[in-house]
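# Working through the structure, step by step
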Amino acid sequence: MATDRDAPHPETMAAQGLGRVTETFREIVPPIHTSTTYERAEDGTYPGGRVYSRADNPSYDQAEQLIARLENAKAAMLFSSGQAASGAVFNALMPGDAALVPRNMYWAFRKWLLEFAKPRGLAIDLYENTSLDDLASKARALKPRVIWIETPANPTWDITDIAAAAQIARETGATLAVDSTVATPLLTRPLDLGADIVMHSATKYLNGHSDVIAGVLATAADDERWQKIRYVRGAGGAVLGPFEAWLLLRGMRTLHLRVARACENAMAIAKHFELHPAFSHVLYPGLALHPGHAVASRQMSGGYGGMMSVRLRGGEQAAKDFAARLRVFKRATSLGSVESLAEHRASVEGPGTLCPADLVRLSIGVEHVGDLIADIEQALG
Ligand SMILES: Cc1ncc(COP(=O)(O)O)c(C=O)c1O
């Protein structure tokens, strides 16, 4: 029977970076492996099990294994960015293959799918995030190879029911891949809910300090699909540097503390401003008024994440003025770091954005919540 000793809690695995020490010096923190190439034995074999660092690097091992353990996955694979990790799932398909992706999702990946992958032969179609019926009917009609979901989804934090989407994927023979960046492996485990692949922009919560661009995929099965994706990484060359992999493992050692504090701060801020007259909407899945609240409560545990958006009753200019007056929040793109960030999202996304012009996206960090609330109050004037 499994005991706590065999299966430590996620917090323990994260804090200890899996708790491995090296044989040689018994150091608590793993070394950084900078070698690009590995020696062959006289008989031509590779006794170290590695050949060349575009295929793999020992500095990935601990970070990949920690993410796999946190996601309850068979394996995980690091990439040079979240975009590269997401793209690898689609680059493993063949021209003519169909894929269903949500209308509302991380805009740069949606743009890549529609403006790069689609013209090169993938039949990309969109479904409405908030309608499982739309997903089901399009999946039945198109028989996609991949169904992509993002939950909570940028920048309105729409929630998709992962277990229900997994059922649709199974019925129609699709791979279900989930961008779970905002939920982190601590709040939601998509593979346990029936998904096949989970993606994180590790740039965000996993690393958590705004100093590494990285991505990761984790898989429920080490199968042919996974080996194709491994080929895409190695042959395409979208590999992470060993120093970045080391920094990522270092960042993940405090993942549980950072995520818990971000969730706590975000909930307090959302509740504080929920009925504020300057805001037409406070979009946070933890609020009962959020349309995805019931599903989020089922598939997220330990919190609703650190991401929220506010919509200003005064419209676009009021949103820009609000962002301009913030002092504690930094005006910058990205999310999931220890410092709180704010951005007028539509102007970052540019022409063709689906983001409402009156929306400001807030990534809530781990600062004192009183300072964050006071900052929002003073910015509202
Ligand atoms: C939800 C989500 N997915 C994917 C990405 C892409 O990740 P990266 O910037 O690491 O390429 C981002 C980046 O902002 C994101 O917010």
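Here, the structure is the one placed above.
To start, this report covers the structure provided alongside it. (Residues numbered from 1 in each chain as written. Predicted model: local features only at pLDDT ≥ 70, side-chain atom pairs only at ≥ 80, totals over all residues. Heavy atoms only, no water.)

## Thoughts on the packing of helix H5 (residues 132-142) against helix H6 (residues 162-172)
Filter applied, for reference: The axes used here are C-alpha line fits, helices contributing only the stretch in contact, and every angle between their N-to-C directions lies in the interval 0 to 180 degrees. The numbering of helices and of strands both runs from the N terminus, where a helix is a DSSP run of H or I of at least 4 residues and a strand a run of E of at least 2. Should an angle fall under 35 degrees it is taken as roughly parallel, and over 145 as roughly antiparallel, whereas 65 to 115 is taken as roughly perpendicular and any remaining angle as oblique. Two residues form a contact once any of their heavy atoms are found within 4.5 Å. Asp, Glu, Lys and Arg are counted as charged, while Ala, Val, Leu, Ile, Met, Phe, Trp, Tyr, Cys and Pro are counted as nonpolar; the rest, among them Gly, fall into the polar class.
Between H5 and H6, the least distance of the axes is 10 Å, while the angle of their chain directions is 10 degrees. Compared by their axis directions, H5 and H6 come out roughly parallel. On the side of H5, the interface is formed by Leu132, Leu135, Ala136, Ala139 and Arg140, while H6 contributes Ala164, Ala165, Ile168, Glu171 and Thr172. Its residues placed into classes, the contact of H5 with H6 shows 7 nonpolar, 1 polar and 2 charged.

## What to know about the pattern of salt bridges
As a working rule, side chains carrying opposite charge can pair if their charged atoms are close by. Going by this rule: Salt bridges are defined as contacts in which a side-chain nitrogen from Lys or Arg sits within 4 Å of a carboxyl oxygen from Asp or Glu. Three exposure classes are used, based on accessible area relative to the maximum for each residue type with a 1.4 Å probe and protein chains only: buried under 20%, partly exposed in between, and exposed over 50%.
Under the criterion given, the structure shown has 18 salt bridges. Among the salt bridges present, the one from Asp56 reaches Arg233, with a minimum N-O distance of 3.7 Å. Here the residue Asp56 occupies a position in the loop between helix H1 (10-15) and helix H2 (58-71), and Arg233 occupies one in helix H8 (residues 224-236), the gap between them amounting to 177 residues. Across the pair, Arg233 and Asp56 agree in class, each one buried. Lys138 is the salt-bridge partner of Asp134, the closest N and O atoms lying 3.1 Å from each other. With Asp134 and Lys138 both in helix H5 and 4 residues apart, this pair spans about one turn of that helix. Via salt bridges that share partners, Arg50, Asp56, Asp61, Glu64 and Arg233 belong to a single interconnected network.

## Comments concerning the layout of surface pockets
Put simply, the rule reads: Two kinds of site are reported from a 1 Å grid over the protein atoms alone, namely cavities, where a 1.4 Å probe fits but cannot get out, and pockets, open sets with protein on both sides within 12 Å along at least five of seven lines, and residues are called lining when an atom falls within 4 Å of a point. Grid points are joined across faces, edges and corners, and a volume is the space filled by probe spheres set on the points.
In this structure, the largest pocket spans a volume of roughly 340 Å³. Lining the largest pocket are 23 residues, with Gly82, Gln83, Tyr106, Ser201 and Lys204 sitting closest to its centre. The set of elements that each furnish at least two residues to the lining of the largest pocket consists of helix H3 (82-91), helix H4 (107-117) and strand E6 (197-201). Top contributing element to the lining of the largest pocket by residue count: H3, with 3 residues.

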